[in-house]
Amino acid sequence: MKLKNKVLIAISVVWATFLILTYATSHYLLLHNFLSLENERANRDLNRVRQVLEENSATLHTYAADWSHWTDAYNFMAGKNPDFVNNNFKMPTFINSNINVITYWNTEGQELAGKAINTATQQYTDYPKGFEKYVYPESPMVKAKNDQQGYILTANGIMVLASTAITDGDKRQPPLGKAIFGRLLTQDILQHINKVTQVNTVLYLPQQIAANPELSNALQTAMTQPNGFTRPYDKNTLRGYITIKDINGKVIGILQTTSSRIIYLSGLKIINYFLVEFLILGVLFSILMLWLMRILIIKRLESLDENVVKMSEDTTLAKRLNKQGNDEITSLTHQINTMMDIIEKSHTELEFRVKERTQELQKMNIQLQQEIVERRSVEKELTTNKENLMRVAHFDSLTNLSNRFFFNEMLTKIVNHTKRKKSKFAILYINLDKFKNINDALSHTVGDLVLKEIAGRFLNITRAGDILARLGGDEFVLLLNDIDHPKFASSVAEKILKTCAEPLKINGHEFVLTSSIGICTYPEDGSSLEDLLKNADMAMHKAKQAGGGVFQYYTKEMDLDAHQRIELEAALRKAVANNEFLLHYQPKLQLSDGTIMGVEALIRWESPTLGLISPEKFIPLAEETSLILPIGEWALREACRVNKAWQDQGYKPITVAVNLSAKQFRHSNIEQVVASVLAETKLDPQYLELEITETAIMDNVSSAIATLNTIEEMGVKITIDDFGTGYTSIGYLKQFPVSVIKIDRSFIKELPHSQDDASITTAVIALAHSLNIKVVAEGVETPEQLQFLTEHDCDMVQGYYFSQPLAETALVIQLTKINSEVERDTV
């Protein structure tokens, strides 16, 4: 760097230091005041937002109180006004008042009425998930004597709850329970807050807070500031934060406000104007100083520098500098000339020594070349041996694909590499469907040839950077490296399914294989080798359960389902031992006279820890674990016992229908079980009806016919359930000793508007009557459906239009005593 530039830099540094000190002082004295004004304004904005939130909660409480002090509500809680819910829990009530949940609880902690809607879609829904964590029989919302209000966290978002005591209009009678009203903090409410406060406000839920480091840090600070706090977000924006806590004091959300930093920016602008003025003065000052330095010093130094350069370019080292003047620069010139004299003498001696050293190095170079040739020969041999060992350790001997060990090693490296690049990859876990049949039927030799052929097909559709490995048996895994989007994996999976399904010709045998594929992606579905392979394997088994020949992406619900399945299976085994099941009964009405001709027994599980569990959740698990056998036998025995008890109490005899699962029906001793239950309960067989699906009886037709004939000979009626969804032919239907067929609810649902469903239903009724078989339509829910079935001579109907499944005590009310009929006939 030239001397004049160094001088300029020195002057600039001094002036810059002065500017920095001036700027820092300005910030401390002036900008501090602007920041104080800015903070005061932000705190006022936070207070306005908090006030509007409190007004929203107070409005909900007032609305709940109005309903709680209503005489009609009080009479309903006292059991005197059963039409209160139907008359008042209507859609306009929810929409006009922006209410999402209304529920009434009595003083014993029982919910007597309740509804929930989605105000956006204007449809009734279930209570949002998470509502039950705050509102349950022993919760403060239900049991507290005084009114309660606050926030809760549900799957649909944050909800404001208000709980008020239900009293008569004059408050002279004791409260009969609590009315609980809920209102979601929807986007419309937040927009209302923005409009009223003129502050941009956004609500974030716990999942969003956890995923956002900025919000997580803000939450930690807000926890120590009960009234919220504000802080700068960037140069132009100021953000404020208010925590929202649920009724238990737990933080369930945070409100973020955003406002402009106009006060701060104005102060900063003023300070910058002063800085620009000082900067201009500094530039002028530096130019003046540089001009003086050049005239007095720098010009002579530049001349000395030019002469030194010319002297250095002289290869003879004989050129010297001219001396001028009598100052420090002249002294420097003399010292340079003396140094050159020394260098010239040393250069001569150095040339001689370099020549000797060069000769020595040439000899050493020849020796090194010989050693290098010998070392390369040894290294080549070692490399060959190492490659052979690596192939044996890292590749599958049958398919020449990577083996499990090498794939795991590569996957670990790719995870680390992808983490640094912040890219994505996918894992496809592939399993051949029913491959064991090939080994069992055609030998393992043919199976090995199939695996080699399939491996070659898979390899042909992979990219250069992908990794295909055989984990063992008929399991393969494909790593799709560096993909842009998880959807890319689906197109590759489709190619694998297609190429796998192409016909195979091995040793004169021709057959077709399908495969099941589980897909998971990094980093969405896991960040370690173990998690990725476990989740892909879980997704593959989900594809297997779907019937095979498909692919399935991993979802977090699969993990949850797996844990829930383990817990549910353990609870189900205890339920069988502890007799935790009960039966509900749904009436079947005869259309000709409207009388109840029978009921269908529907099993329910009332767990002491999990509550009431529907059959759709535990019956498939019972089927898989074979627990359906003791459960089904209990349901059969209980239904027969209750029906016989009704008859003994003097009620008109009706049939009770019990569903037999496919596993029950195929069990070798089903006939003995039915006979034993009838003998034990002493129920006349003509009042027992067994409902069996088409799928169960068509699995093995000859065996099914023999079993059905044996049961029918006992006097028990046989019903084909869900008729129309299976594949029963008319020829088989003639051979089955069937008394009743039930038209599946899927054909009844769209009647009479669907022409196809109407035609199918009419045809089934006509076919059944031609075979002297009665017809039951299940799932009847509307007057139009009932009218259509009546006009087309359907024998019986069953559905929510008449009655939902009822407990034993509730159903007895609808039964008719024989003595009562006799008395009316006599009169």
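Rules of the game
Residues numbered from 1 in each chain as written. Predicted model: local features only at pLDDT ≥ 70, side-chain atom pairs only at ≥ 80, totals over all residues. Heavy atoms only, no water. Pairing = 2+ DSSP bridges. Helix = DSSP H or I, 4+ residues; strand = E, 2+ residues; numbered from the N terminus. Axes fitted to C-alpha atoms, helices over the stretch in contact; angles between N-to-C directions. Phe/Tyr/Trp six-rings, centres within 6.5 Å; stacked < 30°, edge-to-face > 60°. Lys NZ or Arg CZ within 6 Å of the ring centre and 35° of its normal. 1 Å grid on protein atoms, 1.4 Å probe; cavity = no way out; pocket = protein on both sides within 12 Å on 5 of 7 lines; lining within 4 Å. Points joined across faces, edges and corners; volume = space filled by probe spheres on them. Nonpolar A, V, L, I, M, F, W, Y, C, P; charged D, E, K, R; others polar. Expected span 1.5 Å × (residues − 1). Core = buried A, V, L, I, M, F, W, Y, C linked by side-chain atoms within 4.5 Å. Buried < 20%, exposed > 50% of the residue type's maximum accessible area, 1.4 Å probe, protein only. Contact = heavy atoms within 4.5 Å. Left-handed = near helix turned anticlockwise from the far one by under 90°.

S.K.: Please clarify how the sheet that holds strand β2 (residues 111-118) should be interpreted in this entry.
M.R.: Pairing between sheet strands relies on hydrogen bonds along the backbone, with the strands arranged either parallel or antiparallel. In space, the 6 strands of this open sheet follow the order β3-β2-β1-β6-β5-β4, with antiparallel pairing throughout. Strand pairing shows two members of the sheet lacking a second neighbour, β3 (123-125) and β4 (148-154), which therefore form its edges. Averaged over all neighbouring strand pairs, the angle between strand axes comes to 25°, with direction disregarded. Two elements, β2 and β3, share 3 bridges in a ladder whose sense is antiparallel. When the bridges of β3 are listed, Ala116 appears paired with Thr125.

S.K.: What's the story with the packing of aromatic side chains in this structure? I'm lost.
M.R.: What the rule picks out here adds up to 25 aromatic pairs. Where Phe581 meets Trp605, the ring centres are 6.2 Å apart and the plane angle is 45°; that geometry is what we call tilted. Placement of Phe581 in strand β18 (residues 581-590) and of Trp605 in strand β19 (residues 596-607) is noted, with a sequence separation of 24 residues between them. Grouping aromatic residues by their ring pairs yields a cluster made of Tyr63, Trp67, Trp70, Phe76, Phe84, Phe89, Tyr104 and Phe181. Looking at Lys115, its charged tip hangs above the ring of Tyr124, at a distance of 4.8 Å from the centre. Just above the ring of Tyr233 sits the side chain of Arg239; from NZ or CZ to the centre is 3.5 Å.

S.K.: Looking at this model, I keep getting lost on the layout of surface pockets. Mind explaining?
M.R.: One water molecule sets the probe size; rolling that probe over the atoms shows where empty space is left. Computed from the structure, the largest pocket encloses a volume of approximately 980 Å³. Broken down by element, the residue count for the lining of the largest pocket peaks at 5 residues, all from β19. For the lining of the largest pocket, the per-class residue count stands at 17 nonpolar, 10 polar and 11 charged.

S.K.: When you look at helix α18 (residues 628-648) in this model, what are you seeing that I'm missing?
M.R.: An α-helical turn contains 3.6 residues, so a residue and the one three or four places further along point in the same direction. Taking 1.5 Å of rise per residue, the 21 residues of α18 would be expected to cover 30 Å, and the 30 Å separating its terminal C-alpha atoms lies within 8% of that figure. After α18 finishes, the residue Gly650 shows a positive phi value of roughly 95°.

S.K.: Help me understand the nonpolar core in this model?
M.R.: Generally speaking, nonpolar side chains in soluble globular proteins are found buried as a group. Counting residues in each nonpolar core, the largest one holds 80 residues, and the members touching the most others are Trp646 and Leu688. Residue contributions to this core peak at 9 residues, all from α18. Excluding anything up to four places from it in sequence, Leu688 contacts Leu636, Cys640, Val656, Val658, Val674, Leu678, Leu683, Val716 and Lys717. Grouped together as the second largest cluster of nonpolar side chains are 52 residues, Tyr74, Phe89, Val101 and Ala116 included.

S.K.: Where do I start with the packing of helix α13 (residues 444-460) against helix α14 (residues 488-500) in this structure?
M.R.: In helix packing, the relevant descriptors are the interaxial angle and the interaxial distance, both defined with respect to the helix axes. Relative to each other, α13 and α14 sit at 145°, their axes nearing to 10 Å. For the pair α13 and α14, the sense of crossing is right-handed. Mapping the contact onto sequence places Ile454, Arg457 and Phe458 in α13 and Ile496, Thr499 and Cys500 in α14. Residue classes in the contact of α13 with α14 are distributed as 4 nonpolar, 1 polar and 1 charged.

S.K.: Can you walk me through the sheet that holds strand β7 (residues 200-204) in this structure?
M.R.: Here 4 strands make up an open sheet; going across it, the order is β7-β10-β9-β8 and the pairing antiparallel. Edge positions in the open sheet fall to β7 and β8 (229-232), since each of these has one partner strand only. Averaged over all neighbouring strand pairs, the angle between strand axes comes to 25°, with direction disregarded. Two strands pair when backbone bridges link them, and strand β9 (residues 237-245) and strand β10 (residues 251-260) are joined in this way by 9 bridges, in the antiparallel orientation. Of the residues in β10, the one forming a bridge with Lys245 is Val251. Where helix α8 (residues 213-222) meets the sheet, its contacts fall on β7, β8, β9 and β10, and the angle it forms with β8 comes to roughly 140°.

S.K.: Sorry, what's going on with the pairing of strand β12 (residues 467-472) here?
M.R.: Two faces, one strand: in a regular strand the side chains alternate between the faces of the sheet. Summarising burial for β12: 5 of the 6 residues are buried, a large majority. Summarising the sheet, β12 and strand β13 (residues 475-483) pair through 5 bridges and their orientation is antiparallel. When the sheet's bridge partners are listed, Ile467 is paired in β13 with Leu479. The turn linking β12 back onto β13 is made up of 2 residues, and Gly473 within it adopts a positive phi angle of 55°.

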